[in-house]
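# Structural overview for review
The primary structure of each chain is shown beneath.
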Amino acid sequence: MSQLKSLFYPKPIVLNNGKEVKPPFRIGIIVIVIVGVLLYFSAKVTNFNLILLINGGEEFFRFLGRLFPPNLKYASTVMNPMIQTFAMSFLGTLFAGIFALPVAYLSASNMNQNRIARGIVRFVMSFFRTIPVLIIALIMTYIFGLGTFSGMIAIFLFTFSILTKMTYEQIELVDMGPFEASISTGASRFKAFIASVVPQISGLYLSSILYNLEMNIRSAAVLGYVGAGGIGTLMNENIGWRQYQNLSTILIILLISVILIEMLSRYIRKRLI
């Protein structure tokens, strides 16, 4: 028992002046034990099999071999769905950026003093964040029908909830001095928010919008699997018909598009912050 106790509570260190210093509690050992237990049960629940993983790795490389050489003639067919994918990502992210700021104001504890209203807004945003964007897109296809409009609405709702959370957390960390000074001059809380808080978070806010745009381009690529249009529809068709060389062309164009958007987004973010 004493040995077990010494693992968590090391012996005090005696200094030259005779004083004893108690080392901190070894919480790292508890963390290692908890991670080990979770690792064991996770592997058991998921039926983790190292042999199966190795064999699957061999099949993975065989699948990659089927992708080459890419059918570059198919590129002309890919361009229009790729434009649709970018358009619904851009429009959904833009609308989310417009509506997230006022809703973030209502969600921030230092701006909205009404706890009930603040709690309701946060609950609604949490609800949309917990639903995967693919599921939201599937629901939207039942409401608005198949096509890119449903995909755009799905991206808007999911990005809206994410941006709102990111923004109200930024608002709660701002310097409240300028805000209180604006209030003391007779300005309303919302006007004081626009004049003193928005300038403090504008760089991070625009950076968050650009980051979500990058993520939405990737998300939009698979929305076609539920009928939400875009390049995902072509991917689904070519996988279903085993047209792997066409699929590789789609993946190459998607990769190039994402890299270019990331480079542009990274450049703009550096200029903003």
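Criteria and cut-off values
- Residues numbered from 1 in each chain as written.
- Predicted model: local features only at pLDDT ≥ 70, side-chain atom pairs only at ≥ 80, totals over all residues.
- Heavy atoms only, no water.
- Helix = DSSP H or I, 4+ residues; strand = E, 2+ residues; numbered from the N terminus.
- Buried < 20%, exposed > 50% of the residue type's maximum accessible area, 1.4 Å probe, protein only.
- Core = buried A, V, L, I, M, F, W, Y, C linked by side-chain atoms within 4.5 Å.
- Contact = heavy atoms within 4.5 Å.
- Polar contact = N/O pair within 3.5 Å; in protein donor to acceptor, adjacent residues only side chain to side chain.

Let's shift gears to the environment of Ser-257. Checked against the element boundaries, Ser-257 lands in helix α11 (residues 244–272). Residue classification places Ser-257 among the buried positions, given a relative accessible area of 17%. In sequence terms Ser-257 and Ile-217 are 40 residues apart; their C-alpha atoms lie 8.8 Å from each other.

Right, let's talk about the nonpolar core for a bit. Grouped together as the largest cluster of nonpolar side chains are 39 residues, with contacts concentrated most on Met-111, Phe-160, Ile-171, Phe-193, Val-197 and Leu-223. Secondary structure elements with two or more residues in this core: α4 (75–107), α5 (115–130), α6 (133–144), α7 (148–171) and α9 (189–220). By residue number, the principal contributor to this core is α7, which donates 10 residues. Aside from chain neighbours lying at most four places away, what touches Val-197 is Met-111, Ile-171, Val-174, Phe-179 and Ala-192.

Turning to unusual backbone geometry, a few remarks are in order. Going from Phe-68 to Pro-69, the amide bond is cis rather than trans, its omega being -5°. Turning to its location among the elements, Pro-69 is positioned in the loop between α3 (50–66) and α4. Despite not being glycine, Asn-47 has its phi angle at roughly 55°, a positive value. Tracing the backbone through its elements, the reader meets Asn-47 in the loop between α2 (27–45) and α3. Not every positive phi belongs to a glycine, and Arg-242 is a case in point at roughly 60°. Assignment of secondary structure puts Arg-242 in the loop between α10 (231–240) and α11.

Relative to the helices and strands, Thr-159 is located in helix α7. Put simply, Thr-159 and Ser-89 are 70 residues apart on the chain and 9.8 Å apart in space, counted from C-alpha to C-alpha. When residues no more than four places from it in sequence are discounted, the contact partners of Thr-159 are Thr-93, Ala-96, Asn-212 and Asn-216. Here the side chain of Thr-159 touches Ile-155 through a polar contact of 2.7 Å, landing on its backbone oxygen.

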